[in-house]
Amino acid sequence: FSEDGGFVSLCYHYIQSNSKRYPYKLLGTYRDDFALHVKWARKAFRQLSTSEVSEYEYSGGCSNGVGMIFTFDDGLSDHVAAGEILADAGISGLFFVPTCLLTDNLPPNPTVIHYGLAAYGLDRFLKAYRHALESNRLSVDRYDIHYLKGRTDPWGAIRAIKQRTKYDLDHK
């Protein structure tokens, strides 16, 4: 964006309860912190409606300067609390709900990966991933993700997991 127009999109996944913490290391924002983000953003930016974001995307710009919108991915139950915080502040948000939640009653791929990594760690996750490849008669050589703890960038391995499971695997 530029000073002439555009928008900032702050994207959130997990908005965790302040009192009930996840039993594993799931990256996310606590509700009190999210409320502070909302308070700050309300002062720092003009809050955009979803129609203004659509106008910007499809017509090439906003005429009212720089704005922002809160977005939420993966249709998580945490987003109910986020929606309440936004509503209390008089702010709209844009919530993306994957169709697999509605049509197949299945969690979206990123959610499975996030929870798996948080609960088991990268090494154990990759061991289970390789076992799943073998169990489904998929080539471990072709789809393996190489990671050596302390020697390989863990975020690079996580990006590779997302790439493999979303785009590269032969889904039948």
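Let me begin by describing the structure that accompanies this report. Nothing here was measured: the structure is a model prediction, and the numbers come from that model.

Time to look at a nonpolar patch on the surface. On the surface, a nonpolar cluster with roughly 300 Å² of combined accessible area is contributed by Phe95, Val97 and Leu102. One can find Phe95 in strand 6 (residues 93-95). Relative accessible area serves as the criterion here: at 35%, Phe95 is assigned to the partly exposed category.

As for its placement among the helices and strands, Thr111 is situated in helix 5 (residues 109-135). What makes Thr111 buried here is its relative accessible area of 9%. Non-local contacts of Thr111, meaning those with residues more than four positions away in its chain, are made with Tyr14, Asp74 and Leu76.

Turning our eyes to something else, we now look at unusual backbone geometry. The phi dihedral of Arg137 falls on the positive side, at around 55°, and the residue is not glycine. Position of Arg137 among the secondary structure elements: in the loop between helix 5 and helix 6 (140-143). Residue classification places Arg137 among the exposed residues on the basis of a relative accessible area of 79%.

Our next topic: the packing of helix 5 against helix 7 (residues 154-168). Their axes nearest at 11 Å, the elements helix 5 and helix 7 cross at an angle of 115°. Both helix 5 and helix 7 take part in a crossing whose hand is right-handed. In contact with Asn109, Ile113, His114, Leu117, Leu122, Phe125, Leu126 and Tyr129 of helix 5, helix 7 contributes Pro154, Ala157, Ile158, Ile161, Lys162, Arg164, Thr165 and Lys166. Of the residues that constitute the contact of helix 5 with helix 7, the class distribution is 10 nonpolar, 3 polar and 3 charged.

A separate point is the packing of aromatic side chains. Here the structure, examined in full by the defined rule, presents 8 aromatic pairs. Between Trp40 and Phe45, the aromatic rings sit 5.7 Å apart at their centres with planes inclined by 80°, giving edge-to-face as the arrangement. Each ring, one from Phe72 and one from Phe95, has its centre 4.5 Å from the other, and the planes form 10°; the classification is stacked. Taken as a pair, Phe72 in strand 5 (residues 65-72) and Phe95 in strand 6 lie far apart in primary sequence, 23 residues in all.

Moving on, we come to the environment of Val97. Relative to the elements of secondary structure, Val97 occurs in the loop between strand 6 and helix 4 (99-103). Not counting residues within four places of it along the chain, the set of residues in contact with Val97 comprises Gly75 and Leu102.

Rules of the game
As a convention, each chain's residues are numbered from 1 in the sequence order in which they are written. Only residues with pLDDT of at least 70 get local features here, since the model is predicted, and only at 80 or more are side-chain atom pairs given and counted; chain-wide, interface and lining totals rely on the full set of residues. Just so you know, side-chain values use all the structure's heavy atoms and leave hydrogens and water out. Patches in this entry comprise residues that are over 30% relatively accessible and not in a salt bridge; like charges within 9 Å are linked, as are nonpolar side chains (Val, Leu, Ile, Met, Phe, Trp, Tyr) within 5 Å. Here the accessible surface of atoms and residues is derived via Shrake-Rupley with a 1.4 Å probe, and residues count as covered only by protein chains that are part of the display. Counted as salt bridges are all cases of a side-chain nitrogen of Lys or Arg within 4 Å of a carboxyl oxygen of Asp or Glu. Per the convention used, a helix needs a DSSP run of H or I reaching at least four residues, while a strand needs a run of E reaching at least two, with both numbered from the N terminus. Relative accessible area decides the class of each residue, using a 1.4 Å probe on protein chains only: under 20% of the type maximum gives buried, over 50% gives exposed, and in between gives partly exposed. By the convention used here, residues are in contact when the closest approach between their heavy atoms is within 4.5 Å. Axis angles are defined between N-to-C directions and span 0 to 180 degrees, where every axis is a line fitted to C-alpha atoms and, for a helix, only to the segment in contact. Left-handed is the label given to a crossing in which the near helix is rotated counterclockwise from the far helix by less than a right angle, and right-handed is the label when the rotation is clockwise. All residues other than Ala, Val, Leu, Ile, Met, Phe, Trp, Tyr, Cys, Pro, Asp, Glu, Lys and Arg, Gly among them, are scored as polar; the first ten of these are nonpolar and the last four charged. Pairing of aromatic rings covers Phe, Tyr and Trp, the last through its six-membered ring, and needs centres within 6.5 Å; plane angles under 30 degrees mean stacked, over 60 mean edge-to-face, and all others mean tilted.

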